[in-house]
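Residue-level listing of the chains:
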Amino acid sequence: MATFDDIPALVNSNAGLSNGIIDNLIQTFLHNKEKCCFDIDARRLRDSLNLDDSDPDCPHPCFVNAILLLGCYFSRPLSTTSQHENERRFLSKTLAELTRAYNQADRLHDFIRASNLVVYYYLFNAGYREADQQLAQSILVTTQCGLHQIPSPVWRAPSPRSERGYISPPADNLELGQRIHTFWNTFTLDKIISLAIPGYLSALVEGPACHIITPWPRLLKEYDNGKVSELDVASLGHLLNGEFIPSRYPQPQPLDKLQAEGIALVSEAIKVVEYRIRGPQVTGLNTEIERFIIRVPDITCQGDMGEIPGYAINPRLVYIKTLSYAASFYLNQEGSDQASRDRSISAVDMMVSILNQLGQDDFGRLFIGIGYIWIHVSDIFIEILRTLQRDGAGMSPRAQLIRNNFDSFIQGLNYLSVYYPALGPRIHMLLQRLDSIA
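Values in this document were obtained by computation on a predicted structure and should not be read as measured data.

Chemist: Whenever I open this one, the side chain of H181 confuses me. Can you help?
Modeler: For H181, the location among the structural elements is in helix 8 (residues 173-196). The residues touching H181, leaving out its near neighbours within four places in the chain, are D39, P217, R218, L219, L220, Y223 and D256.

Structure representation (structure tokens):
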């Protein structure tokens with residue numbers, strides 16, 4: 001495996017740490033990057049880190065230190081909640097460099113990526129207030145730099161007369177692809193934080209104030225190899241407006257794209273319920289969710305596109321499949337007609353079925369976002385049980401089924417909390433709320 005030894009940007013920035021330690025931290029981060037819904041071209045990262053820190057293509061120190069911060073976190077022993085000295089050090093340096101990068105408008109794409117990684121770090125450590133504040137900075141700079149309005153997935157050389165904005169044009173196809181990935185990483189964070197923090201108002205919402213046209217992400221290697229087409233312009237609006245064209249979505253599809261679509265559908269389903277929207281919009285969204293469920297490969301498929309069937313559990317597809325059924329559950333759980341109730345029951349059955357297929361070791365490979373989905377669904381279960389108890393149906397077959405499903409999610413959360421201890425207090429709160437019903 002290629003190493004990151006003899007890296008000027010890191011040696012200058014982190015005097016006192018050996019190159020071997022730095023290399024291990026970067027490799028640990030790269031091995032776990034999918035737990036941050038993050039992707040980066042390791043070759044280009046290594047090459048850029050070997051540049052002199054005065055080179056404009058050298059990554060900003062905020063990004064370097066954020067990578068090392070997450071490398072430290074993922075190096076922790078299981079169930080450990082205390083910060084290591086190096087974590088405190090890298091967090092402090094990352095925050096200081098983020099301030100410097102923003103004030104100087106210096107390498108703002110690196111700023112967004114570093115800021116997002118810090119949000120994940122706070123999320124992993126139950127620092128919800130800090131995560132909220134840091135995410136606000138990520139979203140502000142993301143929209144200022146226009147990453148939500150990238151019109152095409154195909155790179156074009158900038159015109160000499162092009163106006164320079166907050167961020168310089170991408171240098172090539174791969175850099176364009178990385179910016180597309182960065183937008184959807186920010187979008188994903190916005191939606192996960194809305195599940196993790198009660199009362200958080202999602203900021204990246206399709207509409208007049210934030211018209212999102214950036215195409216769904218493809219594999220970074222597709223951008224690098226020039227295999228992305230001008231036809232791959234489908235974005236959030238196409239999904240939410242029912243502009244699904246099957247010929248544009250041949251199987252298999254990149255898991256990066258399916259993941260972004262899945263969290264978008266969950267967010268839209270929650271919004272429809274919260275605003276009590278009825279009629280054609282609900283029907284259309286149900287149709288899109290059902291189409292999406294069909295498009296997602298089985299959780300035993302492997303490969304970047306889920307194109308290799310019949311192998312071990314794929315943690316990304318566990319998350320994506322769960323998103324698809326969670327969207328259906330959210331949209332239909334308050335429905336008064338039999339079809340809605342059937343969809344809601346079926347969606348929960350499928351989420352529990354997915355959970356039951358996991359071995360204990362599989363939980364260590366999952367994204368923390370699935371835990372917040374389980375917590376959010378369990379919260380709804382508690383409210384349903386509270387209503388049934390009030391109506392004298394607390395011991396009914398329906399109440400018992402809901403309680404059994406609740407217990408399944410709690411068991412899954414307990415396994416997941418071994419790897420993400422920050423979930424422990426949330427599990428305790430759920431159990432306390434359940435006990436308050438009796």
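So that's the structure; there's more coming.
Chemist: It is not clear to me how the pattern of salt bridges should be interpreted in this structure. Could you clarify?
Modeler: Two side chains that carry opposite charge are able to pair once their charged atoms sit near each other. Scanning all chains against the criterion turns up 28 salt bridges. Notably, a salt bridge pairs E383 with R433, separated by 2.3 Å at the nearest N-O pair. Taken as a pair, E383 in helix 15 (residues 369-390) and R433 in helix 17 (residues 424-435) lie far apart in primary sequence, 50 residues in all. The shortest N-O distance in the salt bridge between R403 and D407 comes to 3.2 Å. Here R403 and its partner D407 are both found in helix 16 (residues 397-417), 4 residues apart, which amounts to about one turn of the helix. Residue classification places R403 among the partly exposed positions, given a relative accessible area of 36%. Put simply, D41, R43, D47 and D224 are held in one network by salt bridges that share partners.

Chemist: Help me understand the nonpolar core, please; the structure alone is not making it clear to me.
Modeler: Considering soluble globular proteins, one finds that nonpolar side chains tend to be buried as a cluster. Grouped together as the largest cluster of nonpolar side chains are 137 residues, with contacts concentrated most on Y330 and Y372. In this structure, Y330 is in contact with L195, V266, A269, I270, V273, I373, H376, V377 and I380, ignoring residues within four places of it in sequence.

Chemist: Which parts of the structure should I look at to understand unusual backbone geometry?
Modeler: For C37, which is not glycine, the phi torsion reads 45° and is therefore positive. Structurally, the position occupied by C37 is in the loop between helix 2 (19-32) and helix 3 (42-49). Among the residues examined, C37 registers a relative accessible area of 14% and is labelled buried. A positive phi angle, close to 60°, is found at A126, a residue other than glycine. Along the chain, A126 turns up in the loop between helix 6 (108-124) and helix 7 (128-144). Given a relative accessible area of 32%, A126 falls into the partly exposed group.

Chemist: Whenever I open this one, the packing of aromatic side chains confuses me. Can you help?
Modeler: To describe a pair of aromatic rings, you give the distance between the ring centres and the angle between the ring planes. Taken as a whole and assessed by the stated rule, the structure comprises 23 aromatic pairs. Note on F29 and F38: the rings are 5.7 Å apart at their centroids and 65° apart in plane angle, and the pair reads as edge-to-face. Comparing F29 with F38 shows no difference in burial state: the two are buried. Above the face of the Y128 ring, R426 is positioned so that its terminal group lies 5.4 Å from the ring centre.

Chemist: Looking at this structure, I do not really get the packing of helix 5 (residues 85-103) against helix 7. What am I missing?
Modeler: Each pair of packed helices can be described by the angle between their axes along with the distance between the axes. Between helix 5 and helix 7, the shortest axis-to-axis distance is 13 Å and the interhelical angle comes to 30°. Classified by the interaxial angle, the pair formed by helix 5 and helix 7 is roughly parallel. For the element pair helix 5 and helix 7, the recorded crossing hand is left-handed. Between helix 5 and helix 7, the residues in contact are L95, L98 and Y102 and Q134, L140, V141 and Q144, respectively. When the residues that make up the contact of helix 5 with helix 7 are grouped by side-chain class, the tally is 5 nonpolar, 2 polar and no charged.

Chemist: I would appreciate a short explanation of helix 15 in the present structure.
Modeler: Counting along an α-helix, one turn takes 3.6 residues, and residues three or four places apart therefore face a common direction. The end-to-end C-alpha distance of helix 15, which contains 22 residues, comes to 32 Å, matching closely the 32 Å that a straight helix rising 1.5 Å per residue would cover. G392 occupies a position one or two residues after helix 15 and carries a positive phi of about 80°.

Chemist: Any chance you could explain the environment of Y311 here in plain terms?
Modeler: With respect to the helices and strands, the residue Y311 is situated in the loop between helix 12 (280-295) and helix 13 (315-332). On the basis of relative accessibility, which here comes to 53%, the residue Y311 falls in the exposed class. Residues Y311 and D110 lie 201 residues apart in sequence; the distance between their C-alpha atoms is 36 Å. Once residues lying within four places of it in the same chain are set aside, the contact partners of Y311 are T300 and Q302.

Chemist: Is there a simple way to think about helix 5 in this case?
Modeler: With 19 residues, helix 5 should cover 27 Å at 1.5 Å per step; its first-to-last C-alpha distance of 28 Å lies within 8% of that length. When helix 5 is considered as a whole, its buried residues turn out to be N86, E87, F90, L91, T94, E97, L98 and A101. All buried residues of helix 5 lie within an arc of 140° about the axis, which places them on one face of the element. Turned more than 90 degrees from where helix 5 packs its buried face, E85 and N103 sit exposed. Here the buried face of helix 5 lies against helix 2, helix 4 (61-74), helix 6 and helix 7. Two residues or fewer past helix 5, A105 is found with a positive phi of approximately 45°.

Chemist: Any chance you could explain the environment of L204 here in plain terms?
Modeler: For L204, the position within the fold is in the loop between helix 8 and helix 9 (220-224). For the pair L204 and I193, spaced 11 residues apart in sequence, the C-alpha to C-alpha distance is 12 Å.

Chemist: Any chance you could explain the side chain of Q253 here in plain terms?
Modeler: Looking at the secondary structure, you find Q253 in the loop between helix 10 (236-240) and helix 11 (255-274). A polar contact of 2.9 Å, which involves the side chain of Q253, links it to the side chain of K257. Polar contacts involving the side chain of Q253 include one to the side chain of R295, which spans 3.0 Å. Contacts of Q253, omitting those with residues within four sequence positions, involve L258, E261, R295, D304 and M305.

Criteria and thresholds
Residues numbered from 1 in each chain as written. Predicted model: local features only at pLDDT ≥ 70, side-chain atom pairs only at ≥ 80, totals over all residues. Heavy atoms only, no water. Helix = DSSP H or I, 4+ residues; strand = E, 2+ residues; numbered from the N terminus. Contact = heavy atoms within 4.5 Å. Salt bridge = Lys/Arg side-chain N within 4 Å of Asp/Glu carboxyl O. Buried < 20%, exposed > 50% of the residue type's maximum accessible area, 1.4 Å probe, protein only. Core = buried A, V, L, I, M, F, W, Y, C linked by side-chain atoms within 4.5 Å. Phe/Tyr/Trp six-rings, centres within 6.5 Å; stacked < 30°, edge-to-face > 60°. Lys NZ or Arg CZ within 6 Å of the ring centre and 35° of its normal. Axes fitted to C-alpha atoms, helices over the stretch in contact; angles between N-to-C directions. Parallel < 35°, antiparallel > 145°, perpendicular 65-115°, else oblique. Left-handed = near helix turned anticlockwise from the far one by under 90°. Nonpolar A, V, L, I, M, F, W, Y, C, P; charged D, E, K, R; others polar. Expected span 1.5 Å × (residues − 1). Arc of directions from axis to C-beta. Polar contact = N/O pair within 3.5 Å; in protein donor to acceptor, adjacent residues only side chain to side chain.

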